Structures are given as structure tokens and as C-alpha cells.
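Coordinate analysis (summary)
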Amino acid sequence: MSKLKIALQKSGRLSEKSVALLEECGLKFPNGGGKLITESSNFPVEILFLRDDDIPQYVEQNVAHIGIIGENVFLESQKSISIIEKLNFSGCRLSLAVPKETDYEGLNFFNNKKIATSYPNILGKYLRENNISATVEVISGSVEIAPGIGLADGICDIVSSGSTLLSNGLKEVVTVFKSQAVLVANQNLDSEMQQILNKLLFRIRSVQKAKENKYILLNSPNDQLEKIIQILPGMNSPTILPLAKEGWSSLHSVIGEEKFWDIIDELKEAGAEGILVVPIEKMIL
Ligand code: PRT
Ligand code: ZN
């Protein structure tokens, strides 16, 4: 049987989480060994470990059928491949930054200035769309030192915590693009590969959905049940079980974790007690 070839970053910010995602989908792999190609023992996939920048090309050429990369790398590559799922990890932003003492009043600052970046395509498009005429200096690494050594007036680079900018005396002034890890695929997969991909995608979505939601259990006086059910954002009707204690019930439901923090006080005010919020491992929809 043929195998779906998945390209993952060999070593870097995406590597661990990419492998972890496949493992959460139940795929087993032989441990480590620094191999460049490995097969799952219980799912028809083969993993190719590559530099992230090479993945779009491999996927376009069908050497790998799918891959996990940052959306920034996807956009910059301009390859004919498709994003099939956003993966909610390795979030970051591509931002413009200038030396912190710069008197920056708006995007027009960059007119007739030099900007150093490893993302000339994304930046070029952004500048065109905003009618800014700047010179783009393409460099492949350590972009943040460019202003300090007189190569450029500003930079356009990936930022996550912001500490790299800070320690190089720069300040972030514009977010050009928000990025996260994405699953990309070749646009002409044959039906056998598409079938394996669909099976994998179903598992990925179940894992993702589970991460976004929590299982909530609480105790409620019976005369408050109606009110508490109204407070809970209902994705489906909650389970209600009688408690041994007369006049009380236990209520079980699934809610988005973020929503939970918004409604916790309301729940308590309505008389809910013994509230438990527990993680969900898989959520099949
Ligand atoms: O060797 P290979 O080419 O495979 O790896 P790489 O060095 O090109 O990429 P890598 O591993 O650094 O990043 C892979 C992907 O992770 C990127 O394409 C982004 O989608 C995502 N990502 C998330 C980041 C960051 N966060 C990040 N902080 N990529 C890079 N950075 C760098 C940034 O370039 C800057 O130098 O970290 C620095 C800024 O970080 P803060 O936290 O100081 O703001
Ligand atoms: Zn890279």
C-alpha cells in the first residue's frame, strides 16, 4: 500500500509540535535516531524531515504530499500549494520595526527608506498595497542587526515575544501579517492519497477541537437548573444527573475554555457549586 508523505521541519520551532500533533492523532513512530525519513508503524504515512523553507517546493512537486510550515513561509514561497488546516501553534507575527529612538508617526515613514527582511514577497506586496515606495534589502538571517550596522532604516521580521527587537534597540511599529503553523497540501493528490489525508485530517480536527473545549461539571440546586442551563453556551443540551443530596443535580456540558472565564461568576451567582473543568483528549464531531 502506498503511503502519504508528510514533510516536517527537521529541527526548529515547528519540529516538536508537528511530531506531537501526529502522535496525538495516534500515529506511532520509531524513536529519534536523527533519521531523515521515517515511517509510522500503525498508519500509512512516511515522514520526511526537511528545512522548513524547502517544504513548499517539495509539496508543490509532490515529493511530499503534505507538510507543516509557518503560514509566513507558505505565503513567501508563492508556490501552488493549498492550506488545508490552520494548526493553532507557533503563532507569531511579521512586523515592521525601527530603531527605538526613531520619531515614527506612521507608515509614510518608510517612504524612500531601506527595509531589511527575509520576506521580500510578503513585504513587497504590503508596501505596494499601502503605496509606500521603499527599498527592500533581502537578507537571510540576523535581520535585527541591520539598522545598527547601517544597512537599513528598519526591518520586517518575525516577532513573537518581542525580546529580540528590544535587545537590539528596535521597536515594533506595524504588524504586517499574523502567522501560525499550517498544514499544506499538493493540489493534485490522487484519490488514494486523498483518502489517507482525509482520515488524518479527521483525527487532526478531533484533536484540535478537543484543545479548544473543556468538559465542565457542576452541581446545581434543582430550582436553579433552568437558569444555569441558560448561562452555559450550549453546543448541545447538557447532561443532568440527580445527586444523592436531595434537591440537587449534577450538570455536565462542553464549553469553550475562554467562554468559561467569562461566565464563571454568573454560574456561581446562580448557585452553581463544585465546578470542575477538565481537559478533553479527543472530540469527535
Ligand atoms: O532551519 P530551518 O530553515 O528549518 O528553520 P528556520 O530557522 O527558518 O525557522 P525557525 O525554526 O526559527 O521557525 C520556524 C517557524 O516558526 C517560522 O517560519 C514561524 O512561522 C514560526 N515562529 C514562531 C518563529 C518565531 N515564532 C520566532 N520567534 N520563527 C522565528 N522566530 C524568530 C524571529 O525570526 C526572530 O529572530 O525569533 C526571533 C524573535 O523572537 P522573539 O520571541 O524575541 O520576538
Ligand atoms: Zn527556514
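Here goes a summary of the coordinates provided.

**A few points about the coordination of the zinc ion (ligand 2)**
The zinc ion (ligand 2) binds to the protein through Asp52 (OD) and Asp53 (OD); the donor distances cover 2.0 to 2.1 Å. When its relative accessible area of 17% is taken as the criterion, Asp52 is described as buried. Judged by its relative accessible area of 45%, Asp53 is partly exposed.

**Here's the deal with unusual backbone geometry**
A positive phi angle, near 50°, is found at Ser90, a position not held by glycine. Structurally, the position occupied by Ser90 is in the loop between strand E5 (81-86) and strand E6 (92-99). One non-glycine residue with positive phi stands out, namely Ser142, at about 45°. Mapped onto the fold, Ser142 is located in the loop between strand E8 (135-138) and strand E9 (154-159). Accessibility expressed as a relative area gives 46% for Ser142, which makes it partly exposed.

**A closer look at the layout of surface pockets**
Considering only enclosed or pocket space, the largest pocket measures out at about 1200 Å³ in volume. Along the wall of the largest pocket there are 43 residues; nearest its centre are Arg13, Asp52, Asn72, Tyr119 and Ile158. Taken together, domain 1 (4-90 + 180-189) and domain 2 (92-179) each give at least three residues to the lining of the largest pocket, which thus spans both.

**Observations concerning the sheet that holds strand E7 (residues 114-117)**
Ordered in space as E8-E7-E9-E6-E10, the five strands form an open sheet in which the pairing is mixed. On the outer flanks of this sheet lie E8 and strand E10 (170-179), each paired with one strand and no other. Taking the axes of each pair of neighbouring strands and ignoring which way they run, one obtains an average angle of 30° across the sheet. Where E6 meets E10, eight bridges bridge the pair, whose relative direction is antiparallel. When the bridges of E10 are listed, Leu94 appears paired with Phe177.

Procedures and definitions
Residues numbered from 1 in each chain as written. Chains lettered and ligands numbered in written order. Predicted model: local features only at pLDDT ≥ 70, side-chain atom pairs only at ≥ 80, totals over all residues. Heavy atoms only, no water. Donors = N, O, S within 2.8 Å, 3.2 Å for Na, K, Ca; no water. Buried < 20%, exposed > 50% of the residue type's maximum accessible area, 1.4 Å probe, protein only. Helix = DSSP H or I, 4+ residues; strand = E, 2+ residues; numbered from the N terminus. 1 Å grid on protein atoms, 1.4 Å probe; cavity = no way out; pocket = protein on both sides within 12 Å on 5 of 7 lines; lining within 4 Å. Points joined across faces, edges and corners; volume = space filled by probe spheres on them. Domains from an automatic or database assignment. Pairing = 2+ DSSP bridges. Axes fitted to C-alpha atoms, helices over the stretch in contact; angles between N-to-C directions.

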